[in-house]
Amino acid sequence: MQQLFNFKSLKTNYFWVAVILIGTAGIWLPIILSLGLGEEVKIQEIPINLTTFYISIYFAGCVDSIFKNIDFLDNKYELKSKLFTIVILILLSILLIVTTIWLKIKSHFTIPLILSLIGAFIGLRLWWNNNKDNPTFSEIIRTESNETHGDGW
């Protein structure tokens, strides 16, 4: 959790700017534009907007996990266990999406909001876990590259 707020880390900055700020533009931008144009803010649309935000992160996280586990796991039992977990996550996501949309159509707000927040949390957690060993965000690799190739690397 401490890494999530370590703003000296490229991964943390990327997470907050690209994934959270820019990725959630479909949630906060309609609210800001509605306020700026003097239109009614459609709060009831937030669960669906949040759902569309997390779908891509969630499924990309599942696919990343599959590829990462296929390449690096030697133990077939461990691989099957990880793949089973990913299949469960995919099924959970489908259930969350369908339930959120169904309840939204039935004019509910609180439960779809909670379900979309759960999906977003799982998706963001998958992103964070899948990128923990990503060389793009490794300070050690970036420092070594700068020392070897200069600051222009």
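Residues numbered from 1 in each chain as written. Predicted model: local features only at pLDDT ≥ 70, side-chain atom pairs only at ≥ 80, totals over all residues. Heavy atoms only, no water.

### Observations concerning the side chain of Ser 93
Part 1 of the reasoning: Along the polypeptide, Ser 93 turns up in helix H4 (residues 76-105).
Part 2 of the reasoning: Filtering out sequence-adjacent residues up to four positions away, Ser 93 remains in contact with Tyr 54, Tyr 58 and Phe 59. (Helix = DSSP H or I, 4+ residues; strand = E, 2+ residues; numbered from the N terminus. Contact = heavy atoms within 4.5 Å.)

### Section: the packing of helix H1 (residues 10-22) against helix H5 (residues 110-130)
Part 1 of the reasoning: At a minimum axis separation of 12 Å, H1 and H5 run at an interaxial angle of 145°. With respect to the hand of their crossing, H1 and H5 are arranged in right-handed fashion. Taken together, the residues of H5 that come into contact with H1 (itself represented by Lys 11, Thr 12, Tyr 14, Phe 15, Val 19 and Ile 20) are Leu 124, Trp 127 and Trp 128. (Axes fitted to C-alpha atoms, helices over the stretch in contact; angles between N-to-C directions. Left-handed = near helix turned anticlockwise from the far one by under 90°.)

### Focus: the side chain of Ser 34
Part 1 of the reasoning: Of note, Ser 34 is situated in helix H2 (residues 25-36).
Part 2 of the reasoning: The exposure class assigned to Ser 34 is buried, which follows from its relative accessible area of 16%.
Part 3 of the reasoning: Among residues more than four places away in sequence, those in contact with Ser 34 are Glu 39, Glu 40 and Val 41. (Buried < 20%, exposed > 50% of the residue type's maximum accessible area, 1.4 Å probe, protein only.)

### As for H2
Part 1 of the reasoning: If you check H2, its first and last C-alpha atoms are 15 Å apart, about what twelve residues at 1.5 Å a residue would give, namely 16 Å.
Part 2 of the reasoning: The first or second residue beyond H2 is Gly 38, which carries a positive phi of 70°. (Expected span 1.5 Å × (residues − 1).)

### Structural notes on the nonpolar core
Part 1 of the reasoning: In terms of nonpolar packing, the biggest core is built from 25 residues, with Phe 15, Phe 53, Tyr 54, Tyr 58, Leu 124 and Trp 127 touching the most fellow members.
Part 2 of the reasoning: Of all elements in the fold, only H1, helix H3 (46-72), H4 and H5 reach the threshold of two or more residues within this core.
Part 3 of the reasoning: Those residues in contact with Tyr 54 that sit more than four places away from it in its chain are Ser 93, Leu 96, Ile 97, Ser 116, Gly 119 and Ala 120. (Core = buried A, V, L, I, M, F, W, Y, C linked by side-chain atoms within 4.5 Å.)

### A closer look at H4
Each turn of an α-helix holds 3.6 residues, which means side chains three or four residues apart point in the same direction.
Part 1 of the reasoning: For H4, which comprises 30 residues, the first-to-last C-alpha distance of 43 Å matches the rise-based estimate of 44 Å (1.5 Å per residue) to within 8%.
Part 2 of the reasoning: Within H4 the residues assigned to the buried category are Leu 79, Ile 86, Leu 89, Ser 93, Leu 96, Ile 97, Thr 100, Leu 103 and Lys 104.
Part 3 of the reasoning: Count one or two residues on from H4 and you reach Ser 107, which has phi positive near 70°.

### As for the pattern of salt bridges
Part 1 of the reasoning: The final tally for this structure, using the stated rule, is one salt bridge.
Part 2 of the reasoning: Its salt-bridge partner being Glu 45, residue Lys 104 comes within 3.6 Å of it at the nearest N-O pair. Taken together, the residues Lys 104 in helix H4 and Glu 45 in the loop between H2 and H3 connect sequence positions 59 residues apart.
Part 3 of the reasoning: Overall, Lys 104 belongs to the buried group, its relative accessible area being 18%. (Salt bridge = Lys/Arg side-chain N within 4 Å of Asp/Glu carboxyl O.)

### Looking at the packing of H4 against H5
Part 1 of the reasoning: Close contact between H4 and H5 brings their axes to 9 Å; oriented N to C, the two are set at 150°. Taken as axis vectors, H4 and H5 run roughly antiparallel relative to one another. Here H4 runs over H5; the crossing is left-handed. Between H4 and H5, the contacting residues are Leu 89, Leu 92, Leu 96, Thr 99, Thr 100, Leu 103 and Lys 104 on the first element and Ile 111, Pro 112, Leu 115, Ser 116, Ile 118, Gly 119, Ile 122 and Leu 126 on the second.
Part 2 of the reasoning: Looking at the contact of H4 with H5 residue by residue, the classes come out as ten nonpolar, four polar and one charged. (Parallel < 35°, antiparallel > 145°, perpendicular 65-115°, else oblique. Nonpolar A, V, L, I, M, F, W, Y, C, P; charged D, E, K, R; others polar.)

### Focus: the confidence of the model for the chain
Part 1 of the reasoning: Mean pLDDT for the chain: 85, with 86% of residues reaching 70 or above.
Part 2 of the reasoning: By mean pLDDT, helix H6 (residues 139-149) is the weakest element of the chain at 64, and H2 is the strongest at 94. (pLDDT = per-residue confidence, 0-100.)

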